[in-house]
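# Close look at the chain arrangement
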Amino acid sequence: ATSKKGSNRPFFTFLVVSACTAMMFTSILVNDWRFEPLSVNPMIGPSAETLLRLGAKDSYLIVLQQEIWRLVSPMVLHAGLIHFF
């Protein structure tokens, strides 16, 4: 049996992890580089308003405002550090 050498790397996984990490930093940046108090966001992250600005799923906005990109953008958004890790 011969062993194949090649570059069988999980490039899609690297892409998704990079996108999630970039959006985590972006959400904190948009939230003025601060985490919300635990009473507001127990996940140690940005406010709900910030997440909505960045594309969190909101059925009203998807259906009535035709913001269909909100079907994809939540895949890379995280509520906070606990949710991220």
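For clarity, every value in this text was computed on a predicted model and none was experimentally measured. (Residues numbered from 1 in each chain as written. Predicted model: local features only at pLDDT ≥ 70, side-chain atom pairs only at ≥ 80, totals over all residues. Heavy atoms only, no water.)

The next thing to look at is the side chain of Ser47. By the element assignment, Ser47 lies in the loop between helix H1 (11–30) and helix H2 (48–54). The class of Ser47 is buried, set by a relative accessible area of 8%. Setting aside residues up to four positions removed in sequence, Ser47 forms contacts with Asn31 and Glu36. (Helix = DSSP H or I, 4+ residues; strand = E, 2+ residues; numbered from the N terminus. Buried < 20%, exposed > 50% of the residue type's maximum accessible area, 1.4 Å probe, protein only. Contact = heavy atoms within 4.5 Å.)

Right, let's talk about the side chain of Arg70 for a bit. Within the fold, Arg70 resides in the loop between helix H3 (59–63) and helix H4 (81–84). A polar atom in the side chain of Arg70 sits 3.0 Å from the backbone oxygen of Leu52. Reaching out from Arg70, the side chain makes a polar contact with the backbone oxygen of Ala56 at a distance of 2.8 Å. When residues no more than four places from it in sequence are discounted, the contact partners of Arg70 are Leu52, Gly55, Ala56, Lys57, Asp58, Leu61 and Ile62. (Polar contact = N/O pair within 3.5 Å; in protein donor to acceptor, adjacent residues only side chain to side chain.)

So, about H1. An α-helix turns once every 3.6 residues. As a result, residues three or four positions apart point the same way. Here H1 spans 28 Å end to end across 20 residues, near enough to the 28 Å set by a 1.5 Å rise per residue. Those residues of H1 lying buried are Cys20, Met24, Ser27 and Ile28. Burial along H1 is one-sided: seen end-on, the buried residues are contained in an arc of 100 degrees. Pointing more than 90 degrees away from the buried face of H1 are the exposed residues Phe11, Phe12, Leu15 and Phe25. (Expected span 1.5 Å × (residues − 1). Arc of directions from axis to C-beta.)

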